[in-house]
Amino acid sequence: DLPIYTAAISPAGVKVAAELADGFLPVWMSPEKWNVFAPHVEEGFKKAGGGKSIANFDVAPFVTCVMGDDIAKCRNAVKPMLALYIGGMGARNKNFYNDYARRLGYEEAATKIQDLYLDGKKMEAMAAVPDSLVDEVGRLGPRERMRDRLAAWKASPVGTLCIGSGQVDALRTIAELVL
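Computed from a prediction, not measured in an experiment: that's the story for all the values here.

Draft legend 1. Quick look at the side chain of H40. Among the structural elements, H40 can be located in helix 2 (residues 38-48). Residue H40 is classed as buried on the basis of its relative accessible area of 18%. Ignoring any residue separated from it by four or fewer positions in sequence, one finds H40 in contact with P11, V14, K15 and A18.

Dropping the structure here:
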């Protein structure tokens, strides 16, 4: 009776999670782009059999939350992590996070971020992370903006939000908006 989750973003990892686990934890996710995962989740459900479906499988992405009135400043708090993962986690030809950013529609940016990061230009790599990517995968800005963006999460197959924030006010705000 102890639920098992796996951290997965690659097609093969997501398929195995859907087949064998109770849920999966994407490191970051765009709620509007469920299609990146959907076919692999469905393949895993088919292999599992027994009526397994999204109704009894939990999608629980990590969502970084930074609260503040200066949206650029909030984004800049998230960009170093995205630059590290997209640009510096793995070799140039084998980086699961870079591949994932490409599947999310950021092919050109993923190449640029990785080239800059691996060339030791980490600040430039951070600056190359598109604002739109940060906005898709994080909850950023003032309370009203967080509220407005939560609608996309509620409309997606996500069942659990794993919130990452060092701000008590951000955690409280997300909890109040979700509950």
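That was the structure; now back to the text.
Draft legend 2. Molecular detail of the pattern of salt bridges. In this structure the tally under the stated criterion is 12 salt bridges. A salt bridge links R149 to E32, with the shortest nitrogen-to-oxygen separation between them at 2.8 Å. With a gap of 117 residues between them, R149 in helix 8 (residues 143-155) and E32 in the loop between strand 2 (23-24) and helix 2 connect regions that are remote in the sequence. Salt-bridge contacts for D135 lead to R75; the nearest nitrogen and oxygen are separated by 2.7 Å. Taken together, the residues D135 in helix 7 (residues 131-137) and R75 in helix 3 (residues 71-88) connect sequence positions 60 residues apart.

Parameters at a glance
One numbering rule holds for all chains: residues counted from 1, following each sequence as written. This being a predicted model, a pLDDT of at least 70 is required before a residue's local features are given, and a value of 80 or more before pairs of side-chain atoms are given or counted; all residues contribute to the totals for chains, interfaces and linings. Hydrogen atoms and water are omitted, and side-chain values are computed over all heavy atoms in the structure. Every helix listed is a DSSP run of H or I at least four residues long, and every strand listed is a run of E at least two residues long, numbered separately from the N terminus. For every residue, the accessible area (1.4 Å probe, protein chains only) is compared with the maximum for its type, and the residue is labelled buried under 20%, exposed over 50%, or partly exposed between those bounds. Any two residues whose heavy atoms approach within 4.5 Å at even a single point are treated as in contact. Take a side-chain nitrogen of Lys or Arg and a carboxyl oxygen of Asp or Glu: if they are within 4 Å of each other, that pair is a salt bridge.

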